[in-house]
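Spelled out from the first residue to the last, the chains are:
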Amino acid sequence: MQVLSKGIRATQLYMPNNPVYQRAVDNIRAAFRQIWQATDDLVFDVGETELRWEDNVVYSQDQRNESIAWTLFKDGVRSLSFRPGVEETEIVRFLGVLQQARNLQADAPDDLLTLLWAQDFQFVAYTFRELATENAVPIEKGETIPSSTPPSQLQHRVQEEAPPRREGLVSIDDFDTTLYFLEDAEVEYLRKDVDREYSQDLRRNVLAMLFDLLELQTYGTVRAELISIVENFIPYLLGAGDFRSVAYILRETRAILQRAREIIPEHRKTLEGLPSRLSQPDALSQLLQSLDEAAMHPTEEELAELFQELSPEALPTLMSWIAKLHNERVKDLVQAAAARLAQANPGEVLKALGSDDSGAQLEMVRLAGRLKLPGAPDGMEPLLASGDHALKLAVVDALTAIGSPSALRLLERAIDDADRDVRIAGVRFLASRGYRNAAARVEAIVGGSKLRSADLTEKMAFFEAYGTLVGSKGISTLDKMLVAKGLMGRKEDPETRACAAMALGKIRTPEARAVLERAAQDKEPLVRNAVTRALREVGA
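The rules behind these values
Residues numbered from 1 in each chain as written. Predicted model: local features only at pLDDT ≥ 70, side-chain atom pairs only at ≥ 80, totals over all residues. Heavy atoms only, no water. Helix = DSSP H or I, 4+ residues; strand = E, 2+ residues; numbered from the N terminus. Polar contact = N/O pair within 3.5 Å; in protein donor to acceptor, adjacent residues only side chain to side chain. Contact = heavy atoms within 4.5 Å. Axes fitted to C-alpha atoms, helices over the stretch in contact; angles between N-to-C directions. Parallel < 35°, antiparallel > 145°, perpendicular 65-115°, else oblique. Nonpolar A, V, L, I, M, F, W, Y, C, P; charged D, E, K, R; others polar. Pairing = 2+ DSSP bridges. Salt bridge = Lys/Arg side-chain N within 4 Å of Asp/Glu carboxyl O. Buried < 20%, exposed > 50% of the residue type's maximum accessible area, 1.4 Å probe, protein only. Expected span 1.5 Å × (residues − 1). Patch = residues over 30% accessible without salt bridge, like charges linked within 9 Å, V, L, I, M, F, W, Y side chains within 5 Å. Areas by Shrake-Rupley, 256 points an atom, 1.4 Å probe, with all protein chains shown as cover. pLDDT = per-residue confidence, 0-100.

One can find Ser-67 in the loop between β3 (56–60) and α3 (68–73). A polar atom in the side chain of Ser-67 sits 3.2 Å from the backbone nitrogen of Ala-69. Dropping the residues within four chain positions of it, Ser-67 is found in contact with Glu-48, Thr-49, Tyr-59, Gln-61 and Arg-102.

Okay, the packing of helix α14 (residues 315–322) against helix α17 (residues 358–371) next. Between α14 and α17, the least distance of the axes is 7 Å, while the angle of their chain directions is 100°. Between α14 and α17, the angle is such that the two are roughly perpendicular. Touching Leu-315, Pro-316, Met-319, Ser-320 and Ile-322 of α14 are Gly-359, Ala-360, Glu-363, Met-364 and Leu-367, all from α17. A breakdown of the residues in the contact of α14 with α17 according to their chemical character gives seven nonpolar, two polar and one charged.

With that settled, consider the sheet that holds strand β2 (residues 50–53). The strand order across the open sheet formed by five strands is β3-β2-β1-β4-β5, and the pairing between neighbours is antiparallel. Edge positions in the sheet fall to β3 and β5 (124–128), since each of these pairs with one other strand and no more. When the angles between neighbouring strand axes are averaged without regard to direction, this sheet yields 25°. When strand β1 (residues 42–46) meets strand β4 (residues 77–82), the two strands line up antiparallel, connected through four bridges.

Now for the pattern of salt bridges. Applying the stated criterion to the full structure yields 26 salt bridges. As a salt-bridge pair, Arg-52 and Glu-50 come within 3.0 Å of each other at their nearest N and O atoms. Lys-459 is the salt-bridge partner of Glu-495, the closest N and O atoms lying 3.6 Å from each other. With a gap of 36 residues between them, Glu-495 in helix α25 (residues 494–507) and Lys-459 in helix α23 (residues 456–470) connect regions that are remote in the sequence. Accessibility expressed as a relative area gives 3% for Lys-459, which makes it buried. Shared partners join several salt bridges into a network, and the residues in it are Glu-412, Asp-416, Arg-441 and Lys-450.

Turning to helix α9 (residues 220–240), a few remarks are in order. Side chains that are three or four residues apart share a direction in an α-helix, a result of its 3.6 residues per turn. For α9, spanning 21 residues, the distance from its first C-alpha to its last is 30 Å, which sits close to the expected 30 Å at 1.5 Å a residue. Residues Arg-223, Leu-226, Ile-227, Val-230, Phe-233, Ile-234 and Leu-237 constitute the buried set of α9. Check the buried side of α9 and you find it contacts α8 (202–216), α10 (243–259) and α11 (265–278). Gly-241 sits one or two positions beyond α9 and adopts a positive phi of about 80°.

Time to look at the side chain of Thr-71. Relative to the helices and strands, Thr-71 is located in helix α3. We classify Thr-71 as buried; its relative accessible area is 3%. Within the local environment of Thr-71, its side chain forms a polar contact with the side chain of Arg-102, the two groups lying 3.4 Å apart. Dropping the residues within four chain positions of it, Thr-71 is found in contact with Leu-98, Ala-101, Arg-102 and Leu-112.

With 14 residues, helix α19 (residues 389–402) should reach 20 Å at 1.5 Å per residue; the first-to-last C-alpha distance of 20 Å fits that figure. Leu-391, Lys-392, Ala-394, Val-395, Val-396, Ala-398, Leu-399 and Ile-402 are the residues of α19 that are buried. Close packing links the buried residues of α19 with α17, α18 (381–384), α20 (405–414) and α21 (420–432). Directly after α19, the chain includes Gly-403, whose backbone phi takes a positive value near 65°.

Turning next to the pairing of β4. With six of six residues buried, β4 lies mostly within the body of the structure. Strand direction decides the pairing type here: β4 and β5, joined by five bridges, are antiparallel. Bridged to Phe-82 within β5 is Val-124.

A grouping of Leu-182, Val-187, Tyr-189 and Leu-190 is seen on the molecular surface, where their side chains present a nonpolar patch of about 380 Å² in accessible area. In this fold, Val-187 is placed in helix α7 (residues 184–199). Its relative accessible area of 42% is what places Val-187 among the partly exposed residues.

On to the confidence of the model for the chain. Scored by pLDDT, the chain comes out at a mean of 82, with 89% of its residues at no less than 70. Here helix α6 (residues 151–161) is the element of the chain with the lowest mean pLDDT, 72, and β1 is the one with the highest, 92.

Have a look at this one:
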């Protein structure tokens, strides 16, 4: 109950996106979850200044203007119960009702009970007592009529006690009817009609009427006023979280531009600018931040409808926000919207890759790899020259996923990159694809001095690529490296010789096997093991 009291103050003083507000709500939910481990419901008896649980006082506040108990008691609530699930959304609405009831004026048409009834709580229950009859004296018991009294005499006595009938007035008693005088089919018809009436989206109906007028009315002044109303409606709907209606406005705007007659250039320009206005970096960034920080989130369907209406220029902004979002549902929808825009607008993909935001570049590279966008490598070449290790690796991964001729040409350049991981990833993929255009670069690196200071992993990657891409032409070079020379000859280090053996295993020819067999009894254990593995691969 102390946590609830603090929660009322927090929800009164702070907005839902404030960390203090969110922390207070999280504390309330945590407190309720502890309660539900011990009981399935929580029932309080309400007094003037205190709340009792199983005859124990668990809350007491003498200052009535701050007392939860007094706020409930003064409007007739005598018991209050919570059930599991109330902590998800309803407890915040319940605290809001209590705060609203405290601020009601004396002559206000509503009271606490009407406010509670309007919320239609599913996990909050209460009982109340009419204040006017709370201290009423019960009706005294009348004279008992014997059960043996004849019906005719009983009817006569009731008529004597009834007030006299007034002439000229219609009474329900004059009609031969019953309490439920409608047929079942008629009751069902009324029920369905009432459900249909209450299920209508009034905002959507209002918007539909506005667009009907905008399409049919050709007067410039009328259209200008209608367009102004629609423009002002969008911020209100975004603030109210009605994203589906915003998406409806953007869709209908496109339809109006195609169907409406005699639209002057000024009005056409304004209507065409509505979808792009939401896709501008400032507006879209504010929208995404609000969605990520909101305490209550819209449904995936509503967000999907809104993101479906974003224009291509929104792609760079979406990519820059993916890494900043904490809400996984919003992040998934943003990624889906970005994927749709990227597939349909290659030019915007190149813009996003050329962004000044490294985070946006990284996410765009990853998305291009997942979607295997064939035109994306055109914008990735400058990224390979950057000093960002994670970005360069992501570029290599994306290029290997795309696998287009332009992607393979970029990967060929990655062989000479200053970053070790980039070199290894590039040469391994080119070898796996048998990309022989890279053979000259690989041969130059294997035969040069660049690998002398490299670790075993990098040496192994380049030598295996050498055996795969150069083939039998490289046997003589590998033979010189692997087989020990005479006293005056230069002998390679064991790691290089072992790598040469693995390269011969990739060639898989009788000549390569003969070289390996001559080195099978080498004195170096590392070399012998490599030769053994290579021979198994050659024989396979």
